[in-house]
Amino acid sequence: MTNDYRFEFRSYQRRFLRSLTTNHGKWDIREGIILRLTDESGKVGWGEIAPISWFGSETLEQALDFCRQLPREITDEIIFSIPDELPACQFGFESACEMGSGEWGVGSGGDNFITPKSSLFLYSALLPAGEAALNQWKTLWQQGYRTFKWKIGVNAIADELEIFELLIHTLPASTKLRLDANGGLSYEEANLWLRTCDNLKANPELPLEIEFIEQPLPVEKFQQMLELSTSYETAIALDESVATLRQLADCHQQGWQGIFVIKPGIVGSPSRLRKFCHQYQIDAVFSSVFETAIARLAALQLAAELSQNNRAIGFGIDHFFEQEDTWLQTLWNDL
Ligand SMILES: O=C(O)CCC(=O)C1=CC=C[C@@H](O)[C@@H]1C(=O)O
Ligand SMILES: [Mg+2]
């Protein structure tokens, strides 16, 4: 795309089919902004700003304020100087530029956001927290998922360990299971979960693989997580700790050698993410921010370019929403 664009945007709301319950609380409605850039030749680039403020990005209001103060005609210069305090805006505007320039091989954008569930990617499906996981996994298995992520740190640890015991005796042997605490465990609880997973790893009768425990401790407990990462066989993945590019660089610089969960929708500038990942070859797992197909297309493009170690991508979240294809068209038609 050339460097002058007509800029339009509108906010959206999408209700989860079922609330997403994590240690951060209950999430019922996903709100975001869809933006459209049209260059002088008429080429269109679509972008999406999908903040998660409790994860470390800007708030939706801050993103809307930023969009409202922009002129109707904007330039590359404005886009590539969006401050680091607005990482979801950096992602939304930059990816709209890239799409419009056809760098993804997407033509006019707008009419086709089919994000391929290609076999090139293994997808990880998000299970509901608590014992609902025991009922839900089979439907997802029948849809082809072989990697699942289950939220812990939501209910009492004794209850979750009990459900975990049932889950590992129910899931097929070839399953990979990820546990995501969203920073909700105490140091003692994190040790108990890691020890439990190590014991499972040592049990030949239960070959199911615990791929990693995600963000066991709060962001401010980085040193304790660094210590835990060398004390157990079971891998640890940082998520909230590396939510933005600044945090990602900081944890890497402080010596994190484990897994990094990358949420492209809120991490910040795609071009700077590419540079970082190419430079440091980090072990990255790409993860959804419950975005629409617009941001998902951009995020999958980055995952395709930057994924290492064949890790399933955390975009198995379609079952959290109604079908979206017509919804996106109606959202924009009356603009
Ligand atoms: O990463 C995945 O497998 C799916 C996405 C996912 O789990 C999340 C997306 C956004 C916020 C969180 O609730 C949660 C996470 O902590 O990773
Ligand atoms: Mg997570």
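Residues numbered from 1 in each chain as written. Chains lettered and ligands numbered in written order. Predicted model: local features only at pLDDT ≥ 70, side-chain atom pairs only at ≥ 80, totals over all residues. Heavy atoms only, no water.

### Brief notes about the coordination of the magnesium ion (ligand 2)
Now for step 1: Every protein donor of the magnesium ion (ligand 2) is listed here as Asp 180 (OD), Glu 214 (OE) and Asp 239 (OD), and their distances to the metal cover 2.0 to 2.2 Å.
Now for step 2: The sequence pattern formed by the donor residues of the magnesium ion (ligand 2) is D-x33-E-x24-D. Note that Asp 180 is positioned in strand S7 (residues 176-180) and Asp 239 in the loop between strand S9 (236-238) and helix H8 (245-253), a separation of 59 residues in sequence.
Now for step 3: The exposure class of Asp 239 is buried, given its relative accessible area of 2%. (Donors = N, O, S within 2.8 Å, 3.2 Å for Na, K, Ca; no water. Helix = DSSP H or I, 4+ residues; strand = E, 2+ residues; numbered from the N terminus. Buried < 20%, exposed > 50% of the residue type's maximum accessible area, 1.4 Å probe, protein only.)

### Considering the UniProt feature "active site" (unreviewed entry) in the protein chain
Now for step 1: Here the UniProt-annotated "active site" (unreviewed entry) positions come out as Lys 151 and Lys 263.
Now for step 2: Look past the residues within four positions of Lys 151 in its chain and what remains in contact with it is Thr 21, Thr 22, Leu 126, Leu 127, Ala 129, Glu 160, Asp 180 and Asn 182.
Now for step 3: There is a polar contact of 2.9 Å between the side chain of Lys 151 and the side chain of Asp 180.
Now for step 4: On the secondary structure map, Lys 263 appears in the loop between strand S10 (259-262) and helix H9 (264-267).
Now for step 5: For Lys 263, a relative accessible area of 8% translates into the label buried.
Now for step 6: The residues touching Lys 263, leaving out its near neighbours within four places in the chain, are Phe 55, Glu 214, Asp 239, Ser 287, Ser 288 and Val 289. (UniProt positions renumbered as here; feature names shortened; annotations may be inferred. Contact = heavy atoms within 4.5 Å. Polar contact = N/O pair within 3.5 Å; in protein donor to acceptor, adjacent residues only side chain to side chain.)

### Describing the sheet that holds strand S3 (residues 44-49)
Now for step 1: A sheet is described by the order of its strands in space; here four strands give the open sequence S3-S2-S1-S4, paired in antiparallel fashion. With one partner strand each, in any of the chains shown, S3 and strand S4 (73-75) form the two edges of the open sheet. Across the sheet, the mean angle from the axis of one strand to that of its neighbour is 40 degrees, orientation sign disregarded.
Now for step 2: Relative to strand S2 (residues 25-39), strand S1 (residues 4-22) runs antiparallel, the two sharing 14 bridges. Looking at S2, one finds that Phe 7 is bridged to Leu 37. (Pairing = 2+ DSSP bridges. Axes fitted to C-alpha atoms, helices over the stretch in contact; angles between N-to-C directions.)

### A few points about the environment of Phe 16
Now for step 1: Mapped onto the fold, Phe 16 is located in strand S1.
Now for step 2: Separated by 303 residues in the primary sequence, Phe 16 and His 319 have C-alpha atoms spaced 9.0 Å apart.
Now for step 3: Those residues in contact with Phe 16, other than ones at most four positions away along the chain, are Trp 27, Asp 28, Ile 29, Arg 30, Phe 290, Phe 320 and Phe 321.

### Regarding the nonpolar core
Now for step 1: Grouped together as the largest cluster of nonpolar side chains are 63 residues, with contacts concentrated most on Trp 150, Phe 164, Leu 177, Leu 179, Trp 193, Leu 273 and Phe 286.
Now for step 2: At seven residues, the largest contribution of residues to this core is made by helix H11 (residues 293-306).
Now for step 3: Core analysis: the next-biggest nonpolar cluster, separate from the first, contains 25 residues, Ile 34, Val 289, Phe 290 and Trp 332 among them. (Core = buried A, V, L, I, M, F, W, Y, C linked by side-chain atoms within 4.5 Å.)

### Notes on the site of ligand 1
Now for step 1: As a structural note, the neighbourhood of ligand 1 is formed by 17 residues, with Lys 149, Asn 182, Asp 239, Lys 263 and Ser 287 the closest of them.
Now for step 2: In the model, an oxygen atom of ligand 1 is placed 3.2 Å from a nitrogen or oxygen of the Lys 151 side chain.
Now for step 3: Lys 263 is positioned with one of its side-chain polar atoms (N or O) 2.8 Å from an oxygen atom of ligand 1.
Now for step 4: Summarising the interface, the protein chains cover 98% of the accessible area of ligand 1, which totals 390 Å² for the free molecule.
Now for step 5: For the shell around ligand 1, the per-class residue count stands at six nonpolar, five polar and six charged. (Near = heavy atom within 4 Å. Areas by Shrake-Rupley, 256 points an atom, 1.4 Å probe, with all protein chains shown as cover. Nonpolar A, V, L, I, M, F, W, Y, C, P; charged D, E, K, R; others polar.)

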